[in-house]
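Examination of the molecular architecture
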Amino acid sequence: TLLHVGPPPATPASTQILPHLHHPTPPPRPPSTLTLLELEHPPPRRSSTQTHPQPDPHPPRPPLHLEPPPPPPRPTHLFPTTTTQAAGKEGFLQILHRYMEVHGTVYYETQRPPEVPAFVKNHGLLPQHELQQLLRKAKLFIGFGFPYEGPAPLEAIANGCIFLQPKFQPPHSSLNHEFFRGKPTSRAVSSQHPYAEQYIGRPHVMTVDYNNSLEFETAIRDIMRTKVEPYLPYEYTCEGMLERVHAYIQNQDFCTPEPPFPPANLSRLGSPGPLFVALPDSAALGWAPNVTPPPVWPPLSSLRLLVSQEGQSCVEACRSDRLVCEPAHFRFINNKEALRGLEVQCEAVDSEVNHILPAFSVARRECGLQRDPLLFSCAGHSPKYRRMCPCRDLRRGQVALCRECL
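Residues numbered from 1 in each chain as written. Predicted model: local features only at pLDDT ≥ 70, side-chain atom pairs only at ≥ 80, totals over all residues. Heavy atoms only, no water.

1. Section: the pattern of salt bridges
Per the counting criterion, the structure on display carries eight salt bridges. Its salt-bridge partner being Arg98, residue Glu217 comes within 3.1 Å of it at the nearest N-O pair. Within this pair, whereas Glu217 is found in helix 6 (residues 213-225), its partner Arg98 is found in the loop between helix 2 (90-97) and strand 2 (102-104), the two being separated by 119 residues in sequence. Ionic contacts of the salt-bridge type, sharing partners, join the residues Arg98, Glu217 and Arg221 into one network. (Salt bridge = Lys/Arg side-chain N within 4 Å of Asp/Glu carboxyl O. Helix = DSSP H or I, 4+ residues; strand = E, 2+ residues; numbered from the N terminus.)

Below you can see the structure in the form of structure tokens.
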């Protein structure tokens, strides 16, 4: 049964975890207490001839101290809002049901759909404040794989839930999934909410293979033993959002056209030495300190030039080095100077129109640069080429900004 000690305070409808609103940490629930009333006993009767006090036949009882009962288990709250998302999930829902009470917010008009098992306590579509209250009572918020990157998992994590989501093997992309088919993107999504997987992670987020019942049940057991506090990433707070907006407004310039790079007077930027040099304790190259960088934002001090493996995208290559791919830096590595810095052996350097460029083939000793700047892509990959990737560092809790972007 679902029990909770004292109703949590209602959340105003305007309090939402969105990038432009501040979501305060939910107030703690009142503790479970038992109040014991102490009754006074009447004084013992004494005879007029009695000279010595007799022992009290009803001595006062010592105070009774009771430990508060343990809080009831928080139920699971399901993520799907349509029967389509619930279809085919009966197997792991049965596993889930063995460990905790299951609630859902599945919408239907008249008759309860067969895709929703009978043991699921369904609330239908809820107003925002009621959903917030339900999340504060729940322990687990489970995703069914769609929609991608929605706000609901962040809402749940901010209200103290653990978010369990499916791992996509292989990642979903336009090559294997109907949602992305026909869309002009090479992006591959490794889970339902990649941001939560990569930048929040355990213990607040667990990503597992739902097709592996043993892995799924092991995750449920781990969740039952894990206690988490509400968590809101800094970049989703009001202050974090304003910090981003301030950086964008103060540093971006859309009025002045970007000059070509490298410029014709490259030697006048500083020393005629290389543009890129090896960084200590890293496989990446950085901008040479003796070469004056052009006045751009993000600053070139954040640039880390990395080479991907064959078949690997720049998103994956940068992430493996705890960096992010920065499309604005592509134009500074799309040149022969970058190839020389990487010591790539090229029989010829061609300029072509292809979303995987700049890249090179070690076996064929072929090197290609991007002719159309609109096709610079962090997501493109090819099994025959290694990509030149413009990675950059990042601020903790503010992925959109580099360390020197403020």
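From this point, things continue past the structure.
2. Re unusual backbone geometry
Omega for the peptide link from Arg202 to Pro203 comes to 0°, which places this bond in the cis form. For Pro203, the position within the fold is in the loop between helix 5 (194-200) and strand 7 (205-208). Residue Trp297 is joined to Pro298 through a cis peptide bond whose omega torsion reads 0°. Positioned with a positive phi, Arg322 is a non-glycine residue whose angle comes to about 60°. Turning to its location among the elements, Arg322 is positioned in the loop between helix 8 (314-320) and strand 11 (324-325). One non-glycine residue with positive phi stands out, namely Arg365, at about 55°. Among the secondary structure elements, Arg365 is positioned in the loop between strand 13 (359-361) and strand 14 (366-370).

3. Comments concerning the state of the cysteines
In this structure the tally under the stated criterion is five disulfides. Disulfide pairing is shown between Cys318 and Cys391; the S-S distance is 2.0 Å. What sets the handedness of the Cys318 and Cys391 disulfide is the S-S torsion sign, and at about -80° it is left-handed. Of this pair, Cys318 sits in helix 8 while Cys391 sits in strand 15 (residues 386-392), placing them 73 residues apart in sequence. The class for Cys318 is buried, based on a relative accessible area of 0%. By sequence order of its bonded cysteines, the protein has the disulfide arrangement 1-7, 2-8, 3-6, 4-5, 9-10. (Disulfide = S-S within 2.5 Å. Buried < 20%, exposed > 50% of the residue type's maximum accessible area, 1.4 Å probe, protein only.)

4. Points about a negative patch on the surface
Taken together, Glu347, Asp350, Glu352 and Glu366 make up a surface patch of like negative charges. Tracing the chain through its elements places Glu347 in the loop between helix 10 (336-341) and strand 12 (348-352). (Patch = residues over 30% accessible without salt bridge, like charges linked within 9 Å, V, L, I, M, F, W, Y side chains within 5 Å. Areas by Shrake-Rupley, 256 points an atom, 1.4 Å probe, with all protein chains shown as cover. Lys, Arg positive; Asp, Glu negative; His and termini not counted. Charge placed at Lys NZ, Arg CZ, Asp CG, Glu CD.)

5. Describing the confidence of the model for the protein
Interpreting fine coordinate detail is not advised for predicted regions of low pLDDT. Here the protein averages 80 in pLDDT, while 76% of its residues score no lower than 70. Under a pLDDT of 50 for its full length, residues 1-53 has, in the predicted model, 71 contacts with residues more than four places off or in other chains. (pLDDT = per-residue confidence, 0-100. Contact = heavy atoms within 4.5 Å.)

6. With respect to the pairing of strand 10 (residues 303-307)
In the case of a regular strand, side chains alternate between the two sheet surfaces. Summarising burial for strand 10: four of the five residues are buried, a large majority. Judged from the five bridges that link them, strand 10 and strand 15 form a sheet pairing that is antiparallel. When the sheet's bridge partners are listed, Leu305 is paired in strand 15 with Pro390. (Pairing = 2+ DSSP bridges.)

7. Description of the side chain of His204
Note that His204 resides in the loop between helix 5 and strand 7. The exposure class assigned to His204 is buried, which follows from its relative accessible area of 14%. Beyond its immediate chain neighbours, meaning those up to four positions away, His204 contacts Ile157, Cys161, Ile162, Phe163, Val228, Glu229 and Tyr231.

8. A few points about the packing of aromatic side chains
According to the stated counting rule, one finds 16 aromatic pairs in the structure shown. Aromatic side chains Phe92 and Phe144 sit 5.5 Å apart centroid to centroid with 85° between the ring planes, which places their arrangement in the edge-to-face category. Placement of Phe92 in helix 2 and of Phe144 in the loop between strand 4 (140-142) and helix 4 (152-158) is noted, with a sequence separation of 52 residues between them. Of the two residues, Phe92 and Phe144, both sit in the buried class. Geometrically, the ring pair formed by Phe146 and Phe179 is edge-to-face, given 5.3 Å between the ring centres and 70° between the ring planes. Note that Phe146 is positioned in the loop between strand 4 and helix 4 and Phe179 in the loop between strand 5 (162-172) and strand 6 (189-191), a separation of 33 residues in sequence. A relative accessible area of 34% places Phe146 in the partly exposed class. Under the relative-accessibility criterion, Phe179 is labelled partly exposed at 34%. Of note, Lys183 hangs over the ring of Phe179, and the distance from its end group to the ring centre comes to 4.5 Å. (Phe/Tyr/Trp six-rings, centres within 6.5 Å; stacked < 30°, edge-to-face > 60°. Lys NZ or Arg CZ within 6 Å of the ring centre and 35° of its normal.)

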